[in-house]
Amino acid sequence: FSLLLSLVGSLTLGAVSRVSAAFDRVCQAKLALLKDIEDRSREIDEQSREIKEQFDRRLKELDNRSRDLKYRVTRLAQLEQQHQSLSAQGRELSLRSMAELEVLEAEEQAEEQAREQAVEASTSAPVSGFD
């Protein structure tokens, strides 16, 4: 009986020893997996931060471009208004100049006619004292 007990004890001890070794390997494998998961999680967090920083930079660039375009659109509208105003002023000055030119031409024609009439009057008038 004691031999049997001794045999069972040594078998149990061997089984416990093998189970304990297997348990240790399973625990080590779990720890290795946890470490890999933590490492991958850190990598993903770092990539996520980098992506967010790039996104924030690009968003800021787009915001700056948007503001610049809004300024340019406003400036363009102002320049268009100035152009329209200057065009209107130019048309008005052209009309005035043409009117003034017509007046000057009419005055020149009147003066020319007056000179011609004066020359005609002086040449058609009788000369006194030569009769």
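Residues numbered from 1 in each chain as written. Predicted model: local features only at pLDDT ≥ 70, side-chain atom pairs only at ≥ 80, totals over all residues. Heavy atoms only, no water.

Enquirer: A description of the overall build of the protein chain should follow, citing residues and the corresponding values.
Expert: Of the regular secondary structure elements, the protein chain holds 1 helix and 0 strands. The buried share of the protein chain, reckoned over its 131 residues, is 0%. Surface accessibility of the protein chain: about 12,300 Å² in total, with carbon and sulfur atoms responsible for 60%. (Helix = DSSP H or I, 4+ residues; strand = E, 2+ residues; numbered from the N terminus. Buried < 20%, exposed > 50% of the residue type's maximum accessible area, 1.4 Å probe, protein only. Areas by Shrake-Rupley, 256 points an atom, 1.4 Å probe, with all protein chains shown as cover.)

Enquirer: Summarise a nonpolar patch on the surface; cite the residues concerned and give the values.
Expert: A cluster of nonpolar side chains, Leu 31, Leu 33, Leu 34 and Ile 37, forms an exposed patch at the surface whose accessible area comes to about 430 Å². For Ile 37, the position within the fold is in helix H1 (residues 2–124). Using a relative accessible area of 55% as the deciding quantity, one classes Ile 37 as exposed. (Patch = residues over 30% accessible without salt bridge, like charges linked within 9 Å, V, L, I, M, F, W, Y side chains within 5 Å. Salt bridge = Lys/Arg side-chain N within 4 Å of Asp/Glu carboxyl O.)

Enquirer: Outline the pattern of salt bridges, supporting the account with residue identities and numerical values.
Expert: Throughout the structure, instances matching the rule amount to 9 salt bridges. Between Glu 43 and Arg 40 there is a salt bridge whose closest N-O contact spans 3.0 Å. Of this pair, Glu 43 and Arg 40 both sit in helix H1, 3 residues apart, which is roughly one turn of that helix. The exposure class of Arg 40 is partly exposed, given its relative accessible area of 42%. The partner of Arg 115 in a salt bridge is Glu 112, and the shortest N-O contact between them spans 2.9 Å. Of this pair, Arg 115 and Glu 112 both sit in helix H1, 3 residues apart, which is roughly one turn of that helix. On the basis of relative accessibility, which here comes to 36%, the residue Glu 112 falls in the partly exposed class.

Enquirer: Before we move on, could you go through the environment of Asp 39 and cite the residues and values that matter?
Expert: Here Asp 39 lies in helix H1. For Asp 39, a relative accessible area of 23% translates into the label partly exposed. Side chain to side chain, Asp 39 and Arg 42 meet in a polar contact 2.4 Å long. (Polar contact = N/O pair within 3.5 Å; in protein donor to acceptor, adjacent residues only side chain to side chain.)

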